[in-house]
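# Summary of structural features
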Amino acid sequence: MDSPQADVKTTRLADYTPPAFLVDHVQLDVDLRDGQTWVTSTLQLRRNPDNSQQSASDLVLDGECLTLESLAIDGEPVAADRYRYEKDQLTIESVPQAFSLTSVVLIEPEKNTALEGLYRSNGMYCTQCEAEGFRRITFFPDRPDVLARFTTTVRADKKRYPLLLSNGNPVNQGEEGDRHWVTWEDPFPKPCYLFALVAGDLACLEDSYTTSSGRQVSLRLYAEHRDLDKLDHAMLSLKNAMRWDEETYGREYDLDIYMIVAVSHFNMGAMENKGLNIFNTACVLAHPSTTTDAGFQRVESVVAHEYFHNWSGNRVTCRDWFQLSLKEGFTVFRDQQFSADMNSAAVQRVENVDFLVNHQFPEDQGPMAHPVRPAEYQKIDNFYTLTIYEKGAEIVRMQYHLLGSEDFRRATDLYFERFDGQAVTCDDFVACMEEISGRDLTQFKRWYSQAGTPVLTVTDGWKEGEYQISFRQHTPPTPGQAEKQPLMIPVRLALLDEAGEPLPLDAEGNREKVIILDREAQTLSFDAPGPVTPSLLRGFSAPVVLDYAYDHDQLCRLLALDSDGYCRWSAAQRLYFSALDRLVKGEGSAAAEAQTLLPVLEQVIGRADEDPAQAALLLSLPGEVALGDRHSPLDPGSVHVAHQAMKKALGKALQTHWLSLAENLIATELEMDGRAMGRRQLRNLALDYLAASGHPEAQRLAVELFELPLCMTEELAALRILVHYNLAGANQALAQFAERWSDEALVMDQWFAVQAAVPGPASLPRIEELMAHSAFDWTVPNRVRALVGTLANGNPSAFHSPDGEGYRLFAAALTRLDRINPQIAARLANAAARMAKLEPGRRGQLQNALQGVKKQASDNLGEVLGRILGA
């Protein structure tokens, strides 16, 4: 028997053609009833004059999991022999040039565990239509370049579903016995992936915002009644984002109402549906007692991201899904700018780069590598990747710095004005940059079409009294792209003297310079009075791997004295990696390595009060996964031993400092500003090092913190330390935590994640037990990610257990999850993308486990496993 993915269609960018038909207006009537929902749709269609295939007389619409009840053109029923519904497409023969098509379909949201289209979550109805979910609601040309105005009527039981929402503004409502209805009208044309509907019994936090032009906008945030007190931070973040977008980009909100709905069952973080954003609860609910500081920052970022999409994604959308980064990369860049303005810019940039380097770079260097604008795909759901989002944002950031802030603003103004209400491409975006700046960005556009992470090799020396620095760029081959061309790479640099002071680089006395590398190799010369330390890629000016042979003294100078936050962090990471690499290879001792680092780390601790969050980042070891990425063939066991030894050695070498920080950073009153969050971050790190060192005070301090926390950040950090270091009271703390928070789903996600992250193969039986726990639910993506995702992505010493038990658990989880939610299964499968780097024994075990899963995998999961397995 053929596997489920045997007939999967490959969609190619080169095959793009404009839609054969356009939809001017959509009239939807959604009648929600138990067990079944009736959807009546009337589409006003006309042939597209821009489509060259005008001879084609058939209409082809997408539709999945629909039961067709009736079909009519201009009010006349369509004869059964004139249409066919097969292979998820409805084809109607010989349609007129312009006409209305009315269809009535029956769908079953209650059975929709894939969470695409219309489904139920905790008693409410909600939707997720990006990328191709609308076809699960009604028949439609489900592609982003078909923009239509929507009028939607939602009907339901008025007692059970008193709240009926859709896109736009409410224009009518009424009652019919024990049922009621509301009609919503969205005046702006939009692709169907931005359609949204919600029906439920929800609490509302309401506020208002006055736009820069004086318009009043009603802001309404909805959640389950028990979660009403967790919406304040999201509301504040929304108002800050609205003001910031007006001031920074001149973009004003355009409807009378802006709504956000918190949903427990959600595949992604949030969705920017026009006027009605639907959010994963993890990205909108926040309260100090139940949400960590990192959770608060995530809410602020995601709320802003989805709001910014109103212009960069909704008003101007993407022509096809190959252009996905047009909206996502640009909007990630915008939300990163916003977060930097709201918080410590240096810390924000390092956190963004840390995520990019340790998560997107491996994606770009493995079997899942693909360009920011892919050339082809099988399931577009599998291309909501870090490359599209995070690397896409870096490509926009490079354009921002190439143009400068003023010209970039002028270019984005031009982009929004020229393409408002249209579906466009990445090339259209870059063309606006070219038009305003006068630059030729033809070479720059290779960043969109060329996969892989460039390696920038830098050498330097002295010649005829001048300091010379040479750059050579090279992008390694990636699947389907063996040959690479030189890219345009902006390198921001400074040269530090022995005192750490930046030297003048030109006659004007500029001490920082941006060099544009556009050839395979380039050399620059500078006047320098003595030894220099190059500070390269300042602010992480380009998403490349830097290969420069810094010596120990240079790295210490950068870490202790450089003014650039990224370069300080990068120097710290290089120092740690250098020591850890030697330990992985069995060279030297952890104690000796720690002593070598002691002087510069004491300098960092001595300045910690300047920016505690930055100090915490500089003092944190790279993770085991990042360390393992540097070694091939990879033995995760050796990496784990080396990492644990180094953490213990640093814990002992700086023990008095860690104890002092753990005791002196104790707060007596809760504060939620950035500085207070940074102090908690540094204190938790100090307590972690103290526990790793085996200091007896670590257990006492952790228990005290767990018993009397000011907030969830403290409580969760204490729980993790007790459990991960198996300190006295760990089991009791786990039981207390579960009892205390059993009714808080997002907090219980953390309970599962803490246990899934306990290092070593001995944790696997417990993880398997947790999969059968009464609070574990395979239909809730957040819970699955907390347990299975943490094991596969964040606990390499357990996942890569030498006996293959971690792989067995992973394969069983993928198989079970794939039957429920193929999207989530496919995303989790990416955890196996490092398979080729593993030593032969583990590689063979993981390969066998994945081959067993692939035999009956869905299209989504099959595509990912096929690329990982090389089939």
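Within each chain, residues carry numbers counting from 1 in the order of the written sequence. A pLDDT threshold of at least 70 governs which residues receive local features in this predicted model, and a stricter bar of 80 or more applies before side-chain atom pairs are shown or counted, although totals over entire chains, interfaces and linings include all residues. Derived side-chain values reflect all non-hydrogen atoms in the structure, with water molecules and hydrogen atoms excluded from consideration.

### Quick word on the layout of surface pockets
If a probe as big as a water molecule is rolled over the atoms, it shows which places are left empty. In this structure, the second largest pocket occupies an estimated 1500 Å³ of space. Taken together, 42 residues line the second largest pocket, and the ones lying closest to its centre are Lys9, Thr11, Asp62, Gln89 and Arg135. Secondary structure elements are defined from DSSP: runs of H or I of at least 4 residues count as helices, runs of E of at least 2 residues count as strands, and each element is numbered from the N terminus. Elements with a contribution of two residues or more to the lining of the second largest pocket: strand E1 (11-12) and strand E4 (59-62). Here the element with the most residues in the lining of the second largest pocket is E4; it accounts for three residues. Class assignment of the residues belonging to the lining of the second largest pocket gives a composition of 16 nonpolar, seven polar and 19 charged. A cavity here means a set of 1 Å grid points, computed over protein atoms only, where a 1.4 Å probe fits but cannot escape. A pocket is an open set with protein on both sides within 12 Å along at least 5 of 7 lines, and lining residues have an atom within 4 Å of a point. Grid points are joined across faces, edges and corners, and a volume is the space filled by probe spheres set on the points. All residues other than Ala, Val, Leu, Ile, Met, Phe, Trp, Tyr, Cys, Pro, Asp, Glu, Lys and Arg, Gly among them, are scored as polar; the first ten of these are nonpolar and the last four charged.

### Details of empty space enclosed by the protein
For the structure on display, the rule yields three cavities of 30 Å³ or more. Approximately 60 Å³ is the volume attributed to the largest cavity. Looking at the lining of the largest cavity, its residues break down into nine nonpolar, one polar and one charged. A volume near 40 Å³ is recorded for the second largest cavity.

### Looking at the sheet that holds strand E11 (residues 124-128)
Strands are treated as partners if at least two bridges between them are detected by DSSP. Pairing is antiparallel across the open sheet formed by four strands, whose spatial order is E10-E11-E16-E13. Edge positions in the open sheet fall to strand E10 (117-121) and strand E13 (163-166), since each of these has one partner strand only. Strand-to-strand twist across the sheet, computed as the mean angle between neighbouring axes with direction ignored, equals 20°. Across four bridges, the pairing between E13 and strand E16 (residues 197-200) is antiparallel. Its bridge partner lying in E16, Leu163 is registered against Gly200. Every axis corresponds to a line fitted to the C-alpha atoms, with the helix fit spanning only the stretch in contact, and the corresponding angles, defined between N-to-C directions, vary from 0 to 180 degrees.

### Regarding the nonpolar core
Counting residues in hydrophobic clusters, the biggest one holds 294 residues, and the most contacted among them are Tyr415 and Leu850. For this core, the element with the highest residue contribution is helix H10 (residues 565-584), accounting for twelve residues. What makes two residues a contact is simply this: any of their non-hydrogen atoms within 4.5 Å. If near-sequence neighbours (up to four positions away) are discounted, Leu850 is found in contact with Phe810, Leu814, Ala832, Met835, Leu865, Ile868 and Leu869. Here, nonpolar core refers to any group of buried Ala, Val, Leu, Ile, Met, Phe, Trp, Tyr and Cys residues whose side-chain atoms link them within 4.5 Å. Exposure categories follow from relative accessible area, calculated using a 1.4 Å probe and restricted to protein chains: below 20% of the type maximum is buried, above 50% is exposed, and the middle band is partly exposed.

### Focus: the packing of helix H15 (residues 655-664) against helix H17 (residues 697-707)
To describe two helices that pack against each other, one gives the angle between their axes and the distance between the axes. Two elements in contact, H15 and H17, have axes whose closest approach is 12 Å; the angle formed by their N-to-C orientations is 20°. Comparing the axis directions of H15 and H17 gives the class roughly parallel. Helix-helix and strand crossings are classified by hand; for H15 and H17 the assignment is left-handed. Contact with H15, carried on its side by Leu659, Ala662 and Glu663, involves Glu697, Arg700 and Leu701 of H17 and no other residues of that element. Taken together, the residues that form the contact of H15 with H17 break down as three nonpolar, no polar and three charged. Throughout, the term roughly parallel applies to angles under 35 degrees, roughly antiparallel to angles over 145, roughly perpendicular to angles from 65 to 115, and oblique to all others. Helix crossings are classified by the rotation of the near helix relative to the far one: an anticlockwise turn of less than a right angle makes the crossing left-handed, while a clockwise turn makes it right-handed.

### Here's the deal with the packing of H10 against helix H14 (residues 636-653)
Remark: H10 packs on H14, axes separated minimally by 9 Å, with the N-to-C direction vectors making an angle of 125°. One way to sum up the angle between H10 and H14 is to call them oblique. The crossing of H10 and H14 is right-handed. Packed against H10, whose contacting residues are Tyr576, Ala579, Leu580, Leu583 and Val584, the element H14 presents Ser638, Val639, Ala642, His643, Met646 and Leu650 at the interface. Here the contact of H10 with H14 is built from residues that sort into nine nonpolar, two polar and no charged.

### Observations regarding helix H2 (residues 293-308)
Quick reminder: α-helices carry 3.6 residues per turn. Residues three or four places apart thus point the same way. Its 16 residues give H2 an end-to-end C-alpha distance of 23 Å, which sits within 8% of 22 Å, the value for a rise of 1.5 Å per residue. A large share of H2 lies buried, amounting to 13 of its 16 residues. Helix span, expected: 1.5 Å multiplied by one less than the number of residues in the helix.

### Some details on unusual backbone geometry
Excluding glycine, a negative phi dihedral is what most residues carry, and trans is how most peptide bonds are arranged. Residue Ala131 is reached from Glu130 by a cis peptide bond, and omega for that bond is 5°. On the secondary structure map, Ala131 appears in the loop between E11 and strand E12 (147-157). Residue Pro633 is bonded to the preceding Ser632 through a cis peptide linkage, with omega at 0°. Residue placement: Pro633 occurs in the loop between helix H13 (624-628) and H14. Positive phi is not limited to glycine here, since Leu537 has a value of about 60°. Leu537 sits in the buried class, given a relative accessible area of 0%. Even without being a glycine, Phe540 presents a positive backbone phi close to 55°. Take Phe540: it is sitting in the loop between strand E30 (533-535) and strand E31 (545-548).

### What about the pairing of strand E27 (residues 489-496)?
When a strand is regular, its side chains alternate between the sheet's two faces. With eight of eight residues buried, E27 lies mostly within the body of the structure. A two-sided burial pattern is seen for E27, the buried positions comprising Ile489, Val491, Leu493 and Leu495 on one face and Pro490, Arg492, Ala494 and Leu496 on the other. Bridge analysis of E27 against E30 gives three bridges, and the strand direction is antiparallel. Its bridge partner lying in E30, Leu495 is registered against Pro534.

### Examining the packing of aromatic side chains
Two aromatic rings, drawn from Phe, Tyr or Trp (for Trp, its six-membered ring), form a pair once their centres lie within 6.5 Å of each other, and the interplanar angle then sorts them: stacked below 30 degrees, edge-to-face above 60, tilted otherwise. Across all of its chains, the model carries 43 aromatic pairs by this definition. Relative to Phe416, the ring of Tyr415 has its centre 5.5 Å away and its plane inclined at 55°; by these criteria the two rings are tilted. Of the two residues, Tyr415 and Phe416, both sit in the buried class. Relative to Tyr689, the ring of Trp658 lies with its centre 4.4 Å away and its plane at 10°, an arrangement referred to as stacked. You can see Trp658 sitting in helix H15 and its partner Tyr689 sitting in helix H16 (residues 674-693), a full 31 residues away along the chain. Classification of Trp658 by relative accessible area gives buried; the value is 1%. We count a charge as sitting over a ring when the NZ of a lysine or the CZ of an arginine lies within 6 Å of the ring centre and within 35 degrees of the ring normal. Positioned above the aromatic ring of Tyr249 is the side chain of Arg334, whose terminal nitrogen or guanidinium carbon lies 4.6 Å from the ring centre. Its end group placed over the ring of Phe706, Arg740 keeps NZ or CZ at 5.0 Å from the ring centre.

Remember, this is a structural readout, not a statement about activity or role.
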